Every structure is written in structure tokens, then in C-alpha cells.
Amino acid sequence: MPSELTSKIHEIYYSISGEGISQGIPTVFVRFAGCSLRCGMVAGKKLWCDTPYALSPNAGEDMTTGEVLEKIQSLISGETQVLFTGGEPLEAEKKNFCHQLAGKLFESREKKNFRFARVETNGAELLDGLRYMVFSMDYKLPGSGMEERMKPENFSILKNRNNALDEIKFVVRSRSDFLRALEVIREFELNSNLIFSPVYEDCSLDELSVWLKEANVPGARLSSQMHKLIWGDRRGV
Ligand code: SF4
């Protein structure tokens, strides 16, 4: 048994998943500290990150994988979705921590549902060598200023996994972002769980829904941020 790994954890709380194919599912959020991307800071625009308070690698307390598992179990007695998020949960040494934590979670659960942790990842980390997880992977479009950090190799990793619970998310700031997403989908022959979400205040759900209807891409779906509709910008709810 490898010794327990430690990572900086910003917060752990029980709420409702707000986005993508798991939208609406009661979920325990494990938020990791630290992300080296800075989404949205292009052409004089502001950072659009929803969690700026978790961007510093020091924005949390050291916890072992055992302590995080205990906290998850203390929040909800039955099984429910567990989401590793951030910050970026797979950056640097956090990747091994997530691997160990997802393994412990898998072993601790009996039923098939929710034995795998869901990981929200920014597309800049390779998804190779990771078990017991399903992925919500962003592909950052030009409007984020972060497209050059994307790892297109992840598309073949996701295809080879062929897991119906994996998803790829495109956050769209403008029509040109939307057209770039269509180009990426065509180039890498992506066809399932393609989540489209607008950048708040730059693109509306209405606009994006019109573009999606016109493009009619197999596997594409519109996603809002349900948690913001319910609670606004409050944290930890
Ligand atoms: S990748 Fe996610 S956590 Fe990092 S800056 Fe972008 S939106 Fe924020």
C-alpha cells in the first residue's frame, strides 16, 4: 500500500452539480488549490474564472487522501457523485493525489453508480494513466487566450477510453469561438457529449442556442450554469 499523499485542498462541500451531463445531480465538490491558466484575460478583458480565490497553489489546507475521503463520507452517508475541481486538480503533483484518492473512493463503494470520481480538468493536463475517474475536459477556445496550452492528444485518449460519461466542454465567448469549436470537432472527429456553455456577459444562452440549432452537430448540447441560477455567485453552496 503506497503511503498517503497530501495536497492543498481549498474546500469540500455538498451541493448540486451545475453543468454538463451531470447537471442537477447531488454532488460532493472537492476543490483543489492552484491553476496556472488565466482564462479570459485577452484584449483588455478581465479574468472570467469562476473560482479566482482558488487559483493560488497555496489557497488551501494540506490534507491527505485519507482525510479527504473521511470528509466526503461525513458529508453524505449514501453514494453520490464526487467531483474533483479547482483550480486545476490534475496539475503537477495533484495528478498522483487524484489518482490515489479516486482509487480509495472506488474501493470504499459497493454499487456501480458513482464509484468513479468525476474530474473537471482544463485541457492543459494529459489524461493518460488515470483510472477510476470520468472526465469533464475543457477545450479552451481563442477567446480564453489559453488555446495554446491545450493538449490535443487528450482527444485520442478520450476516444480510446470510450466512456459514455466523459464529456468535452467548450466555453464560448463569441461567434468566432463557436466556429473554432466546430473546426476542432471536425478535425478530431468528436461526436459525443460535446457541451457548449456561454461566457457570462459576453455571449447569451439565446445566441448560443441559435448557433447550435443551425450547426446541428451530433452529440452537442447547450449547458447553463445551474448553480448560478439557483444561488447566484455565492461560494460553497
Ligand atoms: S482553467 Fe479553470 S480554474 Fe484555471 S483560470 Fe481557467 S477557469 Fe479558472
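Our subject is the structure listed above.
Please read all numbers here as calculations on a predicted model, not as lab measurements.

**What about the overall build of the chain?**
Looking only at helices and strands, the chain features six helices and nine strands. Since a compact globule built from 237 residues should have a radius of gyration of about 18 Å, the 17 Å found for the chain is in line with a globular shape. Principal-axis analysis of the C-alpha atoms gives the chain an extent of 50 × 35 × 30 Å. Per-residue burial for the chain yields a buried fraction of 39% across its 237 residues. Across the chain, the fraction of contacts at a sequence separation of at least 24, relative to all contacts at a separation of at least 6, is 71%.

**Points about the nonpolar core**
Core analysis: the largest hydrophobic core is formed by 48 residues, its most contacted members being Val30, Ala117, Phe170 and Val172. For Val30, the residues in contact, after removing those within four places along its chain, are Ile9, Ile12, Val68, Val82, Leu83 and Phe84. Core analysis: the next-biggest nonpolar cluster, separate from the first, contains five residues, Cys35, Leu37, Cys39 and Ala124 among them.

**Quick word on the environment of Thr64**
As for its placement among the helices and strands, Thr64 is situated in strand E3 (residues 61–64). For Thr64, a count of 17 C-beta atoms within 10 Å corresponds to the partly exposed category. Spatially, the C-alpha atom of Thr64 lies 33 Å from that of Asn193, the residues being 129 residues apart in sequence. What Thr64 contacts, discounting residues up to four positions off in sequence, is Glu4, Leu5 and Thr6.

**A word on the sheet that holds strand E2 (residues 26–32)**
With mixed pairing, the nine strands of this open sheet are ordered in space as E3-E1-E2-E4-E5-E6-E7-E8-E9. Here the strands that pair on one side only, and so sit at the sheet edges, are E3 and strand E9 (220–222). Here the strands of the sheet are splayed against their neighbours by 30° on average, with no regard to which way each runs. In the sheet, strand E8 (residues 194–198) pairs with E9 via three bridges, with the strands oriented parallel. For Phe196, the partnering residue across the bridge sits in E9 and is Leu222.

**Focus: unusual backbone geometry**
In this structure, Gly87 follows Gly86 across a cis peptide bond, with omega equal to 10°. By the element assignment, Gly87 lies in the loop between strand E4 (81–85) and helix H2 (94–108). In this model, Ala92 sits at a positive phi of 55°, which is unusual for a non-glycine residue. Among the secondary structure elements, Ala92 is positioned in the loop between E4 and H2.

**What to know about H2**
Spanning 15 residues, H2 covers 21 Å between terminal C-alpha atoms, matching the ideal 21 Å at 1.5 Å per step. Among the residues of H2, those classed as buried are Lys94, Lys95, Phe97, Cys98, Gln100, Leu101, Ala102 and Leu105.

**Here's the deal with the site of the ligand**
The environment of the ligand is made up of Cys35, Leu37, Arg38, Cys39, Cys49, Thr51, Gly86, Gly87, Glu88 and Asn122. Grouping the constituent residues of the shell around the ligand by class yields four nonpolar, four polar and two charged.

**Observations regarding the packing of helix H1 (residues 65–75) against H2**
Orientation of H1 relative to H2, taken along the N-to-C sense of each, is 45°, at an axis distance of 9 Å. It follows that H1 is oblique to H2 by the angle criterion. As H1 packs across H2, the resulting crossing turns out to be right-handed. Note on element contacts: H2 touches H1 through Phe97, Gln100, Leu101, Lys104, Leu105 and Ser108, opposite Thr65, Val68 and Leu69. For the contact of H1 with H2, the residue count by class is five nonpolar, three polar and one charged.

What counts as what
- Residues numbered from 1 in each chain as written.
- Predicted model: local features only at pLDDT ≥ 70, side-chain atom pairs only at ≥ 80, totals over all residues.
- Helix = DSSP H or I, 4+ residues; strand = E, 2+ residues; numbered from the N terminus.
- Rg over C-alpha atoms; globule rule 2.2 N^0.38 Å.
- Buried ≥ 20, exposed ≤ 12 C-beta atoms within 10 Å, placed from the backbone.
- Contact = placed C-beta atoms within 7 Å.
- Core = buried A, V, L, I, M, F, W, Y, C linked by C-beta atoms within 7 Å.
- Pairing = 2+ DSSP bridges.
- Axes fitted to C-alpha atoms, helices over the stretch in contact; angles between N-to-C directions.
- Expected span 1.5 Å × (residues − 1).
- Near = placed C-beta within 6 Å.
- Nonpolar A, V, L, I, M, F, W, Y, C, P; charged D, E, K, R; others polar.
- Parallel < 35°, antiparallel > 145°, perpendicular 65-115°, else oblique.
- Left-handed = near helix turned anticlockwise from the far one by under 90°.

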